[in-house]
Amino acid sequence: MLDQIKGLHHVTSMAGSARTNNKFFTDTLGLRRVKKTVNFDAPDVYHLYYGDEVGTPGSVMTYFPFPHIARGRQGTGEVGSTVFSVPQGSLGYWSDRLTKSGAEGLKADEAFGEKRLHFAGPDGDGFALVEVKDDTRAQWTGNGVGTDEAIRGFHSASLRLRDEGGTAELLKFMGYEKVDKKDGVLRLGMPGGNGADFIDIETMPNISNARLGAGSVHHIAFAVENREKQLEVRKALMDTGYQVTPVIDRDYFWAIYFRTPGGVLFEIATNEPGFDRDEDTAHLGEALKLPSQHAHLRKALEEHLEPLEG
């Protein structure tokens with residue numbers, strides 16, 4: 001069993017309008033945009049990152065906004081919902097805030113002894129807020145959400161699978177332990193993690209496969225401290241039979257990717273070097289930052305990419 005993984009690092013999804021996406025995560029959810037860059041493989045498309053003040057691993061939601069992309073189809077083989085941690089007693093505030101913003105799909109319930117508020121993002125993305133007692137992670141309050149309500153980072157992600165077996169065994173190999181199983185949902189937790197510690201598996205044997213599109217999670221990333229730990233994980237996964245990519249430099253972290261038995265794309269990402277490697281912390285996410293191989297495209301991209309504000 002591995003001991004290098006410390007919980008979630010980031011979750012990356014697809015969107016339609018970049019401006020709508022930016023407004024939702026900064027104005028409605030009160031997160032900070034910590035990086036404005038472009039897709040390495042499609043530089044005419046933004047890659048936007050939202051999180052806490054510095055983009056701490058375990059707090060960062062990222063998006064590829066494709067202006068004319070079709071809406072995704074929900075199903076199995078995907079991340080069904082991404083769940084954020086908020087302070088106890090704050091769900092009433094969030095219910096009012098989300099209602100006023102026009103968010104759809106609001107539904108309050110309880111799972112594993114925790115109060116939750118489900119809602120949909122602008123492209124039908126599945127989200128929830130969970131009240132967590134004594135989550136000591138630092139919050140970002142620069143976008144108008146108060147200290148007593150602000151998102152602390154991820155709580156968990158929910159996987160929709162036809163069969164939990166292979167993926168559950170993989171997660172246990174990655175260091176997760178069974179916490180509980182209720183109403184057909186298996187909860188796995190990371191002991192001593194970074195706060196973004198849980199993965200829930202919903203087994204749906206009779207549901208068709210998901211289709212990737214706007215509102216779909218593209219991949220889910222798990223955190224390791226550095227490149228040395230990442231290489232240890234890569235070797236262990238390959239020794240177990242997984243096909244893992246070489247290490248890829250993503251400017252703000254190094255990444256490896258592999259497909260799980262249930263069909264979800266997993267990434268292992270390093271906590272280093274972080275989002276302040278090319279911007280001062282006070283100005284994170286303000287300027288368009290380009291990977292070096294796309295630097296020569298700056299003028300064309302600045303004319304092509306949709307303005308995020310205004």
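The structure displayed is predicted, hence computed values, not measured ones.

## A few points about the side chain of threonine 62
Along the chain, threonine 62 falls in strand S4 (residues 60-65). The contacts of threonine 62, once residues within four sequence positions are left out, are His10, Val11, Thr12, Ser13, His47, Leu48 and Tyr49.

## Considerations on the UniProt feature "domain: VOC" (unreviewed entry) in the protein chain
In the numbering used here, UniProt assigns the feature "domain: VOC" (unreviewed entry) to residues 7-132 and 126-271. Taken end to end, residues 7-132 comprises 17% helix and 47% strand; its first and last C-alpha atoms sit 16 Å apart. Taken end to end, residues 126-271 has its terminal C-alpha atoms 26 Å apart, with 15% of it in helix and 39% in strand.

## What to know about the pattern of salt bridges
Should the charged atoms of two oppositely charged side chains come close, the side chains can pair. Per the stated rule, a full pass over the model turns up 15 salt bridges. Of the charged contacts in the structure, one is a salt bridge between glutamate 78 and arginine 160, with a shortest N-O distance of 2.7 Å. In this pair, glutamate 78 is assigned in strand S5 (residues 78-87) and arginine 160 in strand S9 (residues 153-161), connecting sequence segments 82 residues apart. Here glutamate 78 matches arginine 160 in class, with each residue buried. Measuring nitrogen to oxygen at the nearest pair gives 2.8 Å for the salt bridge that ties lysine 299 to glutamate 303. Placement of both lysine 299 and glutamate 303 in helix H5 (residues 298-304) is noted, with a separation of four residues, approximately one turn of the helix. By relative accessible area, glutamate 303 is classed as exposed at 61%. One connected set of salt bridges, linked through shared partners, spans Lys35, Asp278 and Glu279.

## A word on helix H3 (residues 165-173)
Every buried residue of H3 is accounted for by Thr167, Ala168, Leu170 and Leu171. All buried residues of H3 lie within an arc of 160° about the axis, which places them on one face of the element. Positive phi appears at glycine 175, one or two residues downstream of H3, with a value of about 110°.

## A look at the environment of proline 87
Mapped onto the fold, proline 87 is located in strand S5. A relative accessible area of 14% means that proline 87 is categorised as buried. Separated by 47 residues in the primary sequence, proline 87 and aspartate 134 place their C-alpha atoms 7.6 Å from one another. Those residues in contact with proline 87 that sit more than four places away from it in its chain are Glu131, Val132, Thr147, Asp148, Glu149, Ala150 and Arg152.

## Considerations on a negative patch on the surface
Negative charge collects at one region of the surface, where Asp3, Glu225, Glu228, Glu232 and Glu272 lie side by side. Inspection of the secondary structure assignment puts glutamate 225 in the loop between strand S13 (217-224) and helix H4 (227-239). The exposed category is assigned to glutamate 225, whose relative accessible area is 52%.

Analysis parameters
Residues numbered from 1 in each chain as written. Predicted model: local features only at pLDDT ≥ 70, side-chain atom pairs only at ≥ 80, totals over all residues. Heavy atoms only, no water. Helix = DSSP H or I, 4+ residues; strand = E, 2+ residues; numbered from the N terminus. Contact = heavy atoms within 4.5 Å. UniProt positions renumbered as here; feature names shortened; annotations may be inferred. Salt bridge = Lys/Arg side-chain N within 4 Å of Asp/Glu carboxyl O. Buried < 20%, exposed > 50% of the residue type's maximum accessible area, 1.4 Å probe, protein only. Arc of directions from axis to C-beta. Patch = residues over 30% accessible without salt bridge, like charges linked within 9 Å, V, L, I, M, F, W, Y side chains within 5 Å. Areas by Shrake-Rupley, 256 points an atom, 1.4 Å probe, with all protein chains shown as cover. Lys, Arg positive; Asp, Glu negative; His and termini not counted. Charge placed at Lys NZ, Arg CZ, Asp CG, Glu CD.

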